[in-house]
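# Commentary on secondary and tertiary structure
Spelled out, the chains give:
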Amino acid sequence: MVDGAASLAEKPVDALSEAEAADELGRLADEIAAHDRRYYQEDAPTVSDAEYDALRLRNAAIEERFPYLKRADSPSERIGAAPLEAFGEVRHAVPMLSLGNAFNDDDVVDFLARVRRYLGLSADTAIICTAEPKIDGLSATLRYENGVLTVGATRGDGTVGENITANLKTIAEIPDRLQGDVPGIVEIRGEVYMTHADFQALNARQEAEGKQIYVNPRNTAAGSLRQLDASVTASRPLKFFAYAWGEISMLPADTQSGMVETIASWGFKINPLMRVCRSADEMLRAYSAIEMERSSLGYDIDGVVYKVDRLDWQQRLGQVSRAPRWAVAHKFPAEKAVTLLKDIEIQVGRTGALTPVAKLEPVTVGGVSVSNATLHNEDEIARKDVRAGDTVVIQRAGDVIPQVLEVVLEKRPEDSKPFKFPTVCPACGSHAVREIHPKTGREDVVRRCTGSLICPAQAVEKLKHFVSRNAFDIEGLGSKQVEAFYAEGRIMSPADIFTLQARDARSLKKLKDKEGFGETSVKNLFASIDARRSIALHRLIYALGIRHVGETTARLLARSYGSFQAFRAAMIAASDHESDAWAELTGIDGVGEVVAEAIVEFFKEAHNLTALDALLQQVMPEEAERPARISSPVAGKTVVFTGSLEKMSRQEAKEMAERMGAKVSGSVSKKTDLVVAGPGAGSKLKKAEEFGVEVIDEDGWLELVG
Ligand code: IVH
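What you see as residue numbers is a count from 1 along each chain, following the sequence as written. Since the coordinates come from a predicted model, pLDDT governs what is reported: local features require at least 70, and pairs of side-chain atoms require 80 or more to be given and counted, while whole-chain, interface and lining totals use all residues. To obtain the side-chain values, all non-hydrogen atoms of the structure were included, while hydrogens and water were left out.

The next point concerns the nonpolar core. Buried Ala, Val, Leu, Ile, Met, Phe, Trp, Tyr and Cys residues form a nonpolar core when they are joined through side-chain atoms within 4.5 Å. Accessibility here uses a 1.4 Å probe with only protein chains present; expressed as a share of the type maximum, an area under 20% marks a residue as buried, one over 50% as exposed, and anything in between as partly exposed. If you look at the biggest cluster of nonpolar residues, it comprises 61 residues, and the most contacted ones within it are Leu585 and Ile599. Sorting elements by how many residues they give to this core places helix 20 (residues 593-604) first, with seven residues. If sequence neighbours within four positions are ignored, leucine 585 has contacts with Leu557, Tyr561, Met571, Ala574, Val591, Ala596, Ile599 and Val600. To qualify as a helix, a DSSP run of H or I must reach at least 4 residues; to qualify as a strand, a run of E must reach at least 2; elements of each kind are numbered from the N terminus. Whether two residues touch is decided by their heavy atoms; if any such pair falls within 4.5 Å, the residues are in contact.

A fitted line through C-alpha atoms represents every axis, and for helices the fit uses only the stretch in contact; the resulting angles, taken between N-to-C directions, go from 0 to 180 degrees. Orientation of helix 19 (residues 580-587) relative to helix 20, taken along the N-to-C sense of each, is 130 degrees, at an axis distance of 9 Å. By the angle between their directions, the pair helix 19 and helix 20 is classed as oblique. By crossing handedness, the relation of helix 19 to helix 20 is classed as right-handed. Contacts between helix 19 and helix 20 involve Trp582, Leu585 and Thr586 from the first element and Glu593, Ala596, Glu597, Ile599 and Val600 from the second. Polar here means any residue other than Ala, Val, Leu, Ile, Met, Phe, Trp, Tyr, Cys and Pro, which are nonpolar, and Asp, Glu, Lys and Arg, which are charged; Gly is therefore polar. A per-class count over the contact of helix 19 with helix 20 returns five nonpolar, one polar and two charged. Any angle that falls under 35 degrees is termed roughly parallel, while one over 145 is termed roughly antiparallel, one within 65 to 115 roughly perpendicular, and all others oblique. Crossing handedness is defined as follows: a turn of the near helix away from the far one that is anticlockwise and smaller than a right angle gives a left-handed crossing, while the clockwise case is right-handed.

Time to look at the site of the ligand. For this purpose, a residue is taken to be near a molecule or strand whenever a single non-hydrogen atom of the residue falls within 4 Å of it. Around the ligand lies a shell of 15 residues, among which Glu132, Ile135, Arg155, Glu191 and Tyr243 are the nearest. At a separation of 3.2 Å, a nitrogen atom of the ligand approaches a polar backbone atom of proline 133. Within the side chain of serine 139, a nitrogen or oxygen atom sits 3.4 Å from an oxygen atom of the ligand. Accessible surface area values rest on a Shrake-Rupley calculation with a 1.4 Å probe, where residue burial reflects the displayed protein chains alone. Calculation on the ligand without its partners gives an accessible area of 530 Å², and the protein chains cover 89% of this total. Residue assignment for the shell around the ligand shows that the elements contributing at least two residues are strand 3 (129-135) and strand 10 (301-308). If one sorts the elements of the shell around the ligand by residue count, strand 3 sits on top with four residues. Here a polar contact is taken to be a pair of N or O atoms separated by no more than 3.5 Å, where protein atoms must pair a possible hydrogen donor with a possible acceptor and residues adjacent in sequence count only if both atoms sit in side chains.

Time to look at unusual backbone geometry. At asparagine 146, a residue that is not glycine, the phi angle is positive and equals roughly 50 degrees. Locating asparagine 146 in the fold gives a position in the loop between strand 4 (138-145) and strand 5 (148-154). We note that aspartate 385 has phi near 50 degrees; this positive angle belongs to a residue other than glycine. Relative to the assigned elements, aspartate 385 resides in the loop between helix 11 (378-384) and strand 17 (391-396).

One side-chain nitrogen of Lys or Arg within 4 Å of one carboxyl oxygen of Asp or Glu is enough to make a salt bridge. Following the criterion strictly, the structure yields 39 salt bridges and no others. One salt bridge connects lysine 11 with glutamate 20, and the closest N-O pair in it is separated by 3.0 Å. Owing to a relative accessible area of 16%, glutamate 20 belongs among the buried residues under this scheme. As a salt-bridge pair, glutamate 461 and lysine 464 come within 3.4 Å of each other at their nearest N and O atoms. Pair noted here: glutamate 461 and lysine 464 are both in helix 12 (residues 456-467), with a separation of three residues, about one helical turn. When salt bridges with common partners are traced through the structure, they connect Arg143, Glu145, Glu187, Arg189 and Glu247 into a single cluster.

We now examine the pairing of strand 15 (residues 353-365). The criterion for strand pairing is that DSSP finds at least two bridges linking the strands in question. Sheet topology note: the strand 14 (residues 335-348)/strand 15 ladder contains seven bridges and is antiparallel. Each residue of the ladder has a partner; that of aspartate 343, found in strand 15, is lysine 359. Connecting strand 14 to the next strand, strand 15, in antiparallel fashion are four residues, including glycine 352 with a positive phi near 90 degrees. Across two bridges, the pairing between strand 15 and strand 20 (residues 443-449) is antiparallel. Each bridged residue has a counterpart across the sheet, and for leucine 354 the counterpart in strand 20 is arginine 447.

Taken together, the five strands give an open sheet; going across it, the order is 2-13-10-3-9, and neighbouring strands pair in mixed fashion. Each of the sheet's edge strands pairs with one partner strand only, and the pair in question is strand 2 (101-102) and strand 9 (275-277). As judged from the seven bridges shared by strand 3 and strand 10, these two strands associate in the antiparallel manner. Following the sheet pairing, lysine 134 is matched in strand 10 by glycine 303. The sheet contacts of helix 9 (residues 280-293) involve strand 3, strand 9, strand 10 and strand 13 (327-331), and relative to strand 10 the element is tilted by about 155 degrees.

The following block contains the structure:
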């Protein structure tokens, strides 16, 4: 096994080099942004809150160690995701903040100590704080002008939210008009949520009507609020707790607790469990009391929020990046349960990733019946030594995907055997591989199916890619049609597109008899398919959907190999890493080892070759224009530059060579025609001498190309 087989993502922050830290910050920025999008815009998170928090914590820790590496798009400068376009935007007069987290008693004590230090308070000055449930819903802000609700918005990215006034107005617990003596301008903030009972009733109704089933009350509340048609929101039983305020023209109280009581007097529901605490002890007692109530509240809460009570202190404490210094969220630990793991099932994702899933004897965790849990990946299974038949501890955090925490070894059956992670794809039988990271030499944690052309788990996505604009670009055959044709069994692999007409002519169930498909549209479709029977080589290569092979790489490959036959033969030969074919492939500037390996793996898979041959019966790839047609002393020759150049940059030399029709390679093989060696040339020069390749210096090169 590779040294822990841990990827960079698992390396402790302290152990990261500067370059690794920069890589990690980039990865984390992308990953967190993607999770934010799924959570805030699509209401469909794919990780638990705990996993998400861990990503943000790691990002913050790396930034703390390498402050100068902090990116412009750093997640720590951002809350949530930019608003959806469908709704108008609302710029918040006062930003809507997020909260820092406390995970245990010590963190709470630390919070008070930080407040004390920041304000310069003596050890015996009491810091009074409120403690209240953290509602697991969706925050909203409501602007009242002269007591009348004018604008209601989501948090969005904290600065700009979505204007969902019409939807918020349908919520009975949000008054259209405030009662009593109210400031001219006041923004009330709080949480929109749904009770368990209402959630279950709504989901039952959705199911009966064949509509979308929601995963939890929070997502349901979010989905309900984001309806473009407010009458749909009105039919959803949403509720609202007020707990904060934004812009306000006159402060009616000087404490947090006083403010919340005043807000209640204006006509809002406030949470009845809110307490005022005079010490860390009292705060922790309030926490325990709220935790005890948790299961009987009838709505989801995920922790307790403490807020410094004095508003003048809140003012002085201010905020740090996205969270106020005067408040903190004390999270509840994830809920756990013990159950039997019946089997480990490998699921294949749409990108070919093999993901292990634990099939469990159903067990109730935090009010929800759980029968599947994620095992993350191969290494996690090995690390925890999880086996079929084991009794396991599972955890459900943040109500997303439950995970297997550990095995109860005492309960392991005697005949149990370690789990063997498959090296072939369970969906299609193609071989499944783990990429090697070029810098660290470590295996990727994910094992992927290489049978991209034929794997049923990936087929639809691959077909959509195949017909997409920069690939085959078949008019009248977009994503929707591909999905429909696949579902009907008409198009299962790329070649099927081109045999559609012939099969249609024979088949009884003709295309034109399909609903929404007239005689003309069928004719047009066949015509646009025929128009692509001849295709540019780079488009064909790109269309194959080989991992890491985008348009640019496809063009490079087409230019380097000229014809599909040459390319195919070379890729098969390149599976031997000692071969010239491999040296040539990795020598193409812009084709790194990871890319090269992905291409080789694709051509190693017999299933792919079968599908490819079937396709080539139908389409004729055009020969790529090879730069060799230019007449110059170096046209068609393979040139390698090594050592330092003095009269021009490496890039300039390379471009010059390419203009003259030469192919520039990064490594020396028997096929190299010429090596241009400057001072400091090392192993490449040696290799050139070994192979008897002609070697010249920079001046010799300039003379040669004039
Ligand atoms: S106070 C300036 N109080 O938690 C602090 N937030 O993680 C503003 N939340 O965006 C938030 N219950 O959506 C506060 N009792 C509560 C809360 C609460 C839930 C949410 C809110 C906020 C998020 C921060």
